[in-house]
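Each chain is listed here by its residues.
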Amino acid sequence: MDIKNVLVIGAGQMGLGIAQVFMTSNYHVSLYDMSEEQIKKGIAFIDKQLNRQVEKAAMTKVEKDEVMNRLYPISSLSNAAQVDLVVEAVVEKMEVKQSLFKELDQLMPPHTILATNTSSLPITEIAAATSRPQQVIGMHFMNPVPVMKLVEIIRGLATSDEVYKVIHETSERLNKVPVEVEDFPGFVSNRILMPMVNEAIYTLYEGVARKEDIDAVMKLGMRHPMGPLTLADFIGLDTCLFIMETLHKGFGDDKYRPCPLLRKYVKAGWLGKKVGRGFFTYD
Ligand code: CAA
Ligand code: NAD
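From a predicted model like this one, the values you see are computed outputs, not experimental measurements. (Residues numbered from 1 in each chain as written. Chains lettered and ligands numbered in written order. Predicted model: local features only at pLDDT ≥ 70, side-chain atom pairs only at ≥ 80, totals over all residues. Heavy atoms only, no water.)

Draft legend 1. Seen up close, the site of ligand 2. Around ligand 2 there are 25 residues in total, and Asp33, Glu92, Lys97, Ser119 and Ile235 lie nearest to it. Within the side chain of aspartate 33, a nitrogen or oxygen atom sits 2.6 Å from an oxygen atom of ligand 2. Protein burial of ligand 2: of its 830 Å² of free accessible surface, 88% is covered by the chains. Secondary-structure elements contributing two or more residues to the shell around ligand 2 are α1 (13-24), α4 (94-107) and β6 (136-141). Its residues assigned to classes, the shell around ligand 2 comprises eleven nonpolar, ten polar and four charged. (Near = heavy atom within 4 Å. Polar contact = N/O pair within 3.5 Å; in protein donor to acceptor, adjacent residues only side chain to side chain. Areas by Shrake-Rupley, 256 points an atom, 1.4 Å probe, with all protein chains shown as cover. Helix = DSSP H or I, 4+ residues; strand = E, 2+ residues; numbered from the N terminus. Nonpolar A, V, L, I, M, F, W, Y, C, P; charged D, E, K, R; others polar.)

Draft legend 2. Structural context of the side chain of threonine 118. The residue threonine 118 is located in the loop between β5 (113-116) and α5 (123-127) in this model. Looking at threonine 118, the relative accessible area reads 0%, which means it is buried. Polar contacts involving the side chain of threonine 118 include one to the main-chain amide nitrogen of serine 120, which spans 3.3 Å. Apart from the residues lying within four places of it in its own chain, the contact partners of threonine 118 are Glu92, Lys97, Ile123, Ile126, His140 and Phe187. (Buried < 20%, exposed > 50% of the residue type's maximum accessible area, 1.4 Å probe, protein only. Contact = heavy atoms within 4.5 Å.)

Draft legend 3. Representation of the packing of α1 against helix α2 (residues 36-55). Running from amino to carboxyl end, α1 crosses α2 at an angle of 55°, the nearest separation of the two axes being 10 Å. One way to sum up the angle between α1 and α2 is to call them oblique. When the axes of α1 and α2 are compared, the crossing they make is right-handed. Contacts between α1 and α2 pair Leu16, Ala19, Gln20, Met23 and Thr24 from the former with Gly42, Phe45, Ile46, Gln49 and Leu50 from the latter. (Axes fitted to C-alpha atoms, helices over the stretch in contact; angles between N-to-C directions. Parallel < 35°, antiparallel > 145°, perpendicular 65-115°, else oblique. Left-handed = near helix turned anticlockwise from the far one by under 90°.)

Structure (structure tokens):
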């Protein structure tokens with residue numbers, strides 16, 4: 001199966017990065033978000049990212065214009081034409097994803113593959129909302145998408161070998177490195193990463209050290225590119241909390257209990273870099 005037309009749903013930080021890498025790799029990309037404002041901001045964001053590539057001479061102005069011409073913002077899912085692959089990147093909530101997948105199952109042509117960028121939710125459960133679970137798969141990109149090489153590919157219980165193969169090949173065409181992972185909470189990436197981030201938040205909560213110093217320990221002592229609190233802000237504290245809740249519920253083990261301080265920040269709306277305030281503040 002040849003993928004040509006891709007529909008990206010969600011124009012947040014992940015959806016925009018995903019749209020950009022597909023556009024840059026010659027795919028035609030429709031972009032949908034329930035917020036039209038977010039789509040407008042998103043187009044301006046991608047344009048700015050590509051202009052930086054032109055400034056760095058990584059791309060000519062003509063090439064950049066060609067890439068932008070492959071982007072089609074849409075204001076309704078029913079306006080998407082002839083989609084071969086959907087990549088969903090909306091909020092990390094099972095009920096939202098299931099209801100979207102149900103709708104997509106009705107709207108999309110029978111051959112369309114429905115992929116989700118979920119960071120922790122069971123693919124099998126999302127697939128169960130559709131009549132085509134063999135065509136539902138996890139395609140988990142890392143943030144920032146244009147920079148990070150990994151794509152975790154997660155098979156649901158019913159995902160077909162053919163669909164797995166298409167997504168594997170497509171990831172390679174995006175110049176990414178795909179890794180195959182079974183459908184367990186948090187997959188590999190967030191099962192390992194997020195408890196570390198949660199522990200850093202507990203360390204702050206228990207007054208073990210100042211936030212700057214917790215980050216300094218992990219950056220200077222372990223050579224992490226970002227400290228865990230900065231990384232949590234970068235990912236989004238709402239997303240971090242959803243992932244910890246999935247791990248806690250999915251494994252039934254208290255070692256995954258989300259830190260109360262993380263809950264408090266999310267309740268306050270301090271969701272991290274995307275809103276200008278989390279553990280740190282941003283312009
Ligand atoms: N979008 C696109 N490109 C970006 C970018 C963004 N948001 N942020 C940085 N870049 C690019 C820059 O343009 C620059 O490119 P060039 O080298 O070609 O000039 C390059 O990345 C390096 O950027 P900077 O020099 O500005 O900054 P840096 O060296 O500090 O790197 C970083 C920034 C790449 C984000 C680095 O800090 C990093 O790797 N942080 C850790 C990121 C990480 O762990 N991601 C995984 C999060 S977990 C996840 O994604 C899974 C999940 O489900 C939650
Ligand atoms: P975000 O908050 O930046 O963006 C989410 C976008 O989805 C928003 O623009 C919102 O308007 C839109 N949206 C919400 N519900 C919608 C619906 N029903 N229909 C259409 N649009 C809808 O979130 P994000 O950080 O981009 O995360 C998106 C997904 O990617 C989540 O599943 C998350 O777990 C996953 N993910 C996040 C990261 C990360 O570092 N943030 C990394 C990998 C995967």
